[in-house]
Amino acid sequence: MARQQPPPWVHPAFLLCLLGLGGAIEIPMDPSIQNELTQPPTITKQSVKDHIVDPRDNILIECEAKGNPAPSFHWTRNSRFFNIAKDPRVSMRRRSGTLVIDFRSGGRPEEYEGEYQCFARNKFGTALSNRIRLQVSKSPLWPKENLDPVVVQEGAPLTLQCNPPPGLPSPVIFWMSSSMEPITQDKRVSQGHSGDLYFSNVMLQDMQTDYSCNARFHFTHTIQQKNPFTLKVLTNNPYNDSSLRNHPDMYSARGVAERTPSFMYPQGTASSQMVLRGMDLLLECIASGVPTPDIAWYKKGGDLPSDKAKFENFNKALRITNVSEEDSGEYFCLASNKMGSIRHTISVRVKAAPYWLDEPKNLILAPGEDGRLVCRANGNPKPTVQWMVNGEPLQSAPPNPNREVAGDTIIFRDTQISSRAVYQCNTSNEHGYLLANAFVSVLDVPPRMLSPRNQLIRVILYNRTRLDCPFFGSPIPTLRWFKNGQGSNLDGGNYHVYENGSLEIKMIRKEDQGIYTCVATNILGKAENQVRLEVKDPTRIYRMPEDQTAKRGTTVQLECRVKHDPSLKLTVSWLKDDEPLYIGNRMKKEDDSLTIFGVAERDQGSYTCVASTELDQDLAKASLTVLAEQTTTTNGLAALPKGRPDRPRDLELTDLAERSVRLTWIPGDANNSPITDYVVQFEEDQFQPGVWHDHSKFPGSVNSAVLRLSPYVNYQFRVIAINEVGSSHPSLPSERYRTSGAPPESNPGDVRGEGTRKNNMEITWTPMNATSAFGPNLRYIVKWRRRETREAWNNATVWGSRYVVGQTPVYVPYEIRVQAENDFGKGPEPDTVIGYSGEDLPSAPRRLRVRQPNLETINLEWDHPEHPNGILTGYTLRYVAFNGTKVGKQIVENFSPNQTKFTVQRTDPVSRYRFTLSARTQVGSGETVTEESPAPPNEAYTNNQADIATQGWFIGLMCAIALLVLILLIVCFIKRSRGGKYPVREKKDVPLGPEDPKEEDGSFDYSDEDNKPLQGSQTSLDGTIKQQESDDSLVDYGEGGEGQFNEDGSFIGQYTVKKDKEETEGNESSEATSPVNAIYSLA
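Being a predicted model, the structure only gives us computed values, none of them experimental.

Draft legend 1. Summary view of the overall build of the protein. The helix and strand tally for the protein stands at 9 helices and 85 strands. Looking at the protein as a whole, 43% of its 1083 residues are labelled buried. Counting every atom, the protein has about 58,200 Å² of accessible surface; 49% of that belongs to carbon and sulfur.

Set out below in structure tokens:
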């Protein structure tokens, strides 16, 4: 099964060539324009420069021209006016300048030989033909002569000269015997270019026939024969033993002395030859010697031009076709046999008759415009240029102030209607001449449309098409295209406007359907036309017939299901072996299948389903193999050893189509194991030369298959056979086949946009391979823009597989498109892919919260960073225990990007913890946030709270203590208000002596003698005891630490300071009184 892709449908183009200033405008063939516009004469047909005629026929010298008004004609003969009216044999065809010389009533054609030139004239100028040299063909008779027998010694060289009569043109020479038997030629006996017959060495058998030179004349078709030569060969061995003719040492067997080579033509060791550019160069070397010498050709300082050089006459002649200047140089021929070798050098000089570099073209201008005629030719020697106007030398023409001659160029400025004329450029050297006519016409014509109005053009989706809008005007109008009345000109992107005004749509899409308007404008006005474009769906065979193998007498069905545009009429037909299939009684053709009943051997072959509409078609081919019934039993072959199949051979490419080719091969020996499959591989020489890829696989029963091809691939195929043992060696490669190009039908895959730095984005994709490039110069159009801004697309053209966008914000989304393009156009509109610019370090996680529900655990929670600056890859938590100045070992935890909670298991219930948290992207860890755990509560209190806080007796005790504290507070306040002594401490047995510094300065120590800590104090990590600070001190009840003590240790409380404080703080002073201080006061 295979599909053949038909060539894309392209609308036919109108023929119109419009060039710019100084170029040519061909007046359209529209009859209304032809009849309306004036035009100087133009020669359209003429006889060749060297015009040889048959004397038996009338003479015809052609000269035709066009112009408006129609031109008149006259002739010169040998540069003098040829008066046709005075010669009754000469007439001129009606509406033509062609001369007819009639000899039916007598006359000699030779009397009319000479040089003729035709002049075509109307009121706007005169055009000239080439100078036509008229010659009458001649075929003179061979002079009668008696030729004596030619006596020659066996082994000696011999030249039989022809010397044909000088005919016109030169006759064709060939040698025959008098009995009209052709002379057998080989490297020993051959005819030279001059017509002479050369014997490198004469043998005894050469005298068995005679030799006659024959001349065939072209026009008379007659053959003239020269009297024959008779050879008499002197020999030392008179016996002509035919068995010695092919003897390896024939000459010594016949007693012929061996001789070194010598040249028969040309003579000597060196010669020269001149040839004109574009002609064929024929070099000839004919040598004598025994044995017969071999001839080889060489060029000094280089190789022979292999594309133009070929060897003739048993390597005795070298012909180089279409000679150019680089073919000049020294060539030499080498003649050699076993006795030695000699060589002859031929110096080749290439000259050239004039040839055009820039031939003058007709020039149509508007009044006031400038233009130029250029006549540039080359040759060897350098040709001279002569300008004429209306057939007269320019020097003798009336002066024209608007015309300036500058060598090979005539410049026209501010042309007017009076400037119309026909100019001739004659460039010549000693080898020939060139004559060209170019008219200058001044027209004043507003734009005109030349095609029918409101054309309807239907095209197939995704094809390339061209909308034509032929127009004419002077000055040359400017053409613009518009769609559906929109104001923007169509050019660029999917559209291309050619110089002749045609609009090409490189790949048709549904949205291209509509009305297209072409507007031609010049200074005199404008004209417009419309074309309606309809886009149709392509015809596609979506279920193709498959290759089948059937037994004789069974029924076979080949499917062919088609999808097409419903507005187009579909026709499905079948071919067998590429010929129309006759549907007989055993076949049934339906819309989607072909059924063959009672399959016979004649039904075997290839079947092609052709689904076509008036716009396009699709093909699908399959092969049917018919098996004969097996009547024989298994023989001894089954016991033979099995092996891999031999390689297929003789690969051949046929049915060369734009998108398919048929590959045929001859199977190799199966080696006692049937071939089950064939694998076809291909290699292309552009992207991966030398690398073979699998193309398709076919059953082992076929040896021909249609291969589906991609555009613009230089294919080479090979085939591998497979059986149950293994695979064969690959076949030898087929010849190469390059398909034509087309726009890409797909775009590169795996498009990505990723940042490699924080301020860039690298766009990458998988490049397309050779079978998807579809054309030369495969490149990629990369487009990108910020996703959220919906800004205009940025674009770049890239030949590789990556592009870096610079100066991007950190980690923002971009829309990305990558479209393939080659020299034939762009691929389909690409999909949009979302990429991101480069990442940076993230900001710190938000709201790190540390909670301590108990002494064993600490709970942490946090929120994601406000600015991730990329894709978060996780979090890093570092924490350490500390107590005072002592710091424990740091612990590091890494979390996934989705985790925002963590629980720390405490190992030390007394120490605090410091936590540092940061987020991570692929760039690294970002900013950190640091928090510390709260100070832990008193351990004993915590334990009691946990153990006895719920006991009844404990609750009662607490209530009693609270009542006692309340009573003490009341007593304290009463004492203060009276100003009495405040007992502070029981008198000790050992009173304070005067040496006690605390008594001297009035201070007082409230610690007990053992310096034991109060209940509720904390032990720090360094083992020191830290006293809890109380909410109040005794200073608050005195005069700022300056109270006066009496002899027994009590003091007279002065409340002045305290009163001021109470006035300032109001009721808060009583609330700030600590019950602990009150207890100390009563102690």
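And the narrative resumes.
Draft legend 2. Seen up close, the pattern of salt bridges. One pass over the structure, following the stated rule, counts 50 salt bridges. Between arginine 509 and aspartate 512 there is a salt bridge, with its nearest N and O atoms 3.6 Å apart. Classification of aspartate 512 by relative accessible area gives buried; the value is 1%. A salt bridge links glutamate 932 to arginine 912; the shortest N-O distance between them is 3.6 Å. In this pair, glutamate 932 sits in strand S80 (residues 924–932) while arginine 912 sits in strand S79 (residues 912–921), placing the two residues 20 residues apart along the sequence. The exposure class assigned to glutamate 932 is partly exposed, which follows from its relative accessible area of 33%. Here the residues in one salt-bridge network are Arg509, Glu511, Asp512 and Glu829, joined through shared partners.

Draft legend 3. Geometry of the sheet that holds strand S4 (residues 59–61). The strand order across the open sheet formed by 3 strands is S4-S9-S8, and the pairing between neighbours is antiparallel. At either end of the open sheet lies a strand with only one pairing partner, and these are S4 and strand S8 (90–92). Direction aside, the axes of adjacent strands within the sheet are offset by 20° on average. Of the pairings in the sheet, the one linking S8 to strand S9 (residues 99–101) comprises 3 bridges and is antiparallel in character. What sits directly across from valine 90, in S9, is isoleucine 101.

Draft legend 4. Structural view of the sheet that holds strand S46 (residues 514–522). Ordered in space as S40-S47-S46-S43, the 4 strands form an open sheet in which the pairing is mixed. Single-partner strands in this sheet number two, and they are strand S40 (455–460) and strand S43 (478–483). Geometrically, the sheet is characterised by an average inter-axis angle of 25° between neighbouring strands, direction not taken into account. Note: S46 against strand S47 (residues 525–536), 9 bridges, orientation antiparallel. In the strand pairing of S47, valine 519 is matched with glutamate 528.

Draft legend 5. Up close: the state of the cysteines. A full pass over the atoms with the stated rule returns 6 disulfides. Bridging cysteine 162 to cysteine 213, the disulfide has an S-S length of 1.8 Å. Looking down the S-S bond of the cysteine 162 and cysteine 213 bridge, the torsion is -70°, so its handedness is left-handed. On the criterion of sequence distance, the pair formed by cysteine 162 in the loop between strand S14 (158–160) and strand S15 (172–176) and cysteine 213 in strand S18 (residues 210–217) is long-range, its members being 51 residues apart. Cysteine 213 matches cysteine 162 in its accessibility class, with the two residues each being buried. Listing the disulfide partners of the protein by sequence rank of the bonded cysteines yields 1-2, 3-4, 5-6, 7-8, 9-10, 11-12.

Draft legend 6. Up close: unusual backbone geometry. The residue after asparagine 380, namely proline 381, is reached through a cis peptide bond having omega 5°. Tracing the chain through its elements places proline 381 in the loop between strand S32 (376–380) and strand S33 (384–389). Residue serine 474 is joined to proline 475 through a cis peptide bond whose omega torsion reads 5°. Residues other than glycine seldom take positive phi values, yet asparagine 315 does so here, at roughly 70°. In this structure, asparagine 315 sits in the loop between strand S26 (309–312) and strand S27 (317–320). Judged by relative accessible area, asparagine 315 falls into the partly exposed class, the value being 34%. For tyrosine 462, which is not a glycine, the phi torsion comes out positive at approximately 75°.

Draft legend 7. Structural context of the pairing of strand S35 (residues 403–406). As paired strands, S35 and strand S36 (residues 409–412) are joined by 4 bridges and run antiparallel to one another. Each residue of the ladder has a partner; that of glutamate 404, found in S36, is isoleucine 411. A loop of 2 residues connects S35 with S36, the two strands running antiparallel in sequence, and glycine 407 in this loop sits at a positive phi of about 65°.

Draft legend 8. Spatial organisation of the environment of tyrosine 780. Relative to the helices and strands, tyrosine 780 is located in strand S67 (residues 779–786). Judged by its relative accessible area of 3%, tyrosine 780 is buried. For the pair tyrosine 780 and valine 818, spaced 38 residues apart in sequence, the C-alpha to C-alpha distance is 6.3 Å. Other than its neighbours up to four places away in sequence, tyrosine 780 contacts Pro748, Trp765, Pro767, Met768, Ala796, Thr797, Val798, Gly800, Val818, Gln819 and Ala820. In this structure the side chain of tyrosine 780 is engaged in a polar contact, spanning 3.0 Å, whose partner is the backbone nitrogen of methionine 768.

Draft legend 9. View of the nonpolar core. Counting 30 residues, the largest nonpolar core has Ile59, Ile61, Trp75, Leu99, Tyr112 and Tyr116 as the members making the most contacts within it. Elements supplying a minimum of two residues to this core: S4, strand S5 (63–68), strand S6 (72–77), S9, strand S10 (114–122) and strand S12 (132–136).

Draft legend 10. Geometry of the packing of aromatic side chains. Enumeration over the complete set of coordinates arrives at 19 aromatic pairs. The interplanar angle of 50° and the centroid separation of 6.5 Å between the aromatic rings of tyrosine 879 and tyrosine 913 together place this pair among those described as tilted. With tyrosine 879 in strand S75 (residues 874–883) and tyrosine 913 in strand S79, the pair connects residues that are 34 residues apart, well separated along the chain. Since its relative accessible area comes to 8%, tyrosine 879 is described here as buried. Arranged with centres 6.2 Å apart and planes meeting at 20°, the rings of tyrosine 913 and phenylalanine 915 form a pair that is stacked. Using a relative accessible area of 5% as the deciding quantity, one classes tyrosine 913 as buried. Phenylalanine 915 sits in the buried class, given a relative accessible area of 0%. Linked through ring pairs, Trp862, Tyr875, Phe895 and Phe902 together constitute an aromatic cluster. In this structure, arginine 277 packs its charged tip against the face of tyrosine 355, placed 3.6 Å from the ring centre.

Draft legend 11. Focus on the side chain of serine 837. Relative to the helices and strands, serine 837 is located in the loop between strand S72 (833–836) and strand S73 (846–851). In this structure serine 837 comes out as buried when scored by relative accessible area, which is 1%. At 2.6 Å, the side chain of serine 837 and the backbone oxygen of proline 809 are in polar contact. If sequence neighbours within four positions are ignored, serine 837 has contacts with Gly755, Asn760, Met761, Thr808, Pro809, Val810, Tyr811, Val812 and Tyr814.

Draft legend 12. View of the environment of asparagine 429. As for its position among the elements, asparagine 429 is in strand S37 (residues 421–429). Distance in space between the C-alpha atoms of asparagine 429 and threonine 384 is 6.7 Å, their sequence separation being 45 residues. Leave out the neighbours within four places in its chain, and asparagine 429 touches Ala352, Ala353, Pro354, Gly379, Asn380, Pro381 and Pro383. Within the local environment of asparagine 429, its side chain forms a polar contact with the backbone oxygen of proline 381, the two atoms lying 2.8 Å apart.

Draft legend 13. Here's a closer look at the side chain of glutamate 762. Turning to its location among the elements, glutamate 762 is positioned in strand S66 (residues 760–766). Assessed through its relative accessible area of 19%, glutamate 762 is described here as buried. At a separation of 2.4 Å, a polar atom in the side chain of glutamate 762 contacts the side chain of arginine 802. Not counting the four nearest positions on each side in its chain, glutamate 762 is found in contact with Arg752, Gly753, Glu754, Gly755, Thr756, Arg802, Tyr803 and Val804.

Draft legend 14. Representation of a nonpolar patch on the surface in the model. A surface patch of nonpolar side chains, about 510 Å² in accessible area, is lined by Leu963, Leu966, Ile967, Ile970, Val971 and Ile974. With respect to the helices, strands and loops of the structure, leucine 963 is situated in helix H5 (residues 952–978).

The rules we used
- Residues numbered from 1 in each chain as written.
- Predicted model: local features only at pLDDT ≥ 70, side-chain atom pairs only at ≥ 80, totals over all residues.
- Heavy atoms only, no water.
- Helix = DSSP H or I, 4+ residues; strand = E, 2+ residues; numbered from the N terminus.
- Buried < 20%, exposed > 50% of the residue type's maximum accessible area, 1.4 Å probe, protein only.
- Areas by Shrake-Rupley, 256 points an atom, 1.4 Å probe, with all protein chains shown as cover.
- Salt bridge = Lys/Arg side-chain N within 4 Å of Asp/Glu carboxyl O.
- Pairing = 2+ DSSP bridges.
- Axes fitted to C-alpha atoms, helices over the stretch in contact; angles between N-to-C directions.
- Disulfide = S-S within 2.5 Å.
- Contact = heavy atoms within 4.5 Å.
- Polar contact = N/O pair within 3.5 Å; in protein donor to acceptor, adjacent residues only side chain to side chain.
- Core = buried A, V, L, I, M, F, W, Y, C linked by side-chain atoms within 4.5 Å.
- Phe/Tyr/Trp six-rings, centres within 6.5 Å; stacked < 30°, edge-to-face > 60°.
- Lys NZ or Arg CZ within 6 Å of the ring centre and 35° of its normal.
- Patch = residues over 30% accessible without salt bridge, like charges linked within 9 Å, V, L, I, M, F, W, Y side chains within 5 Å.

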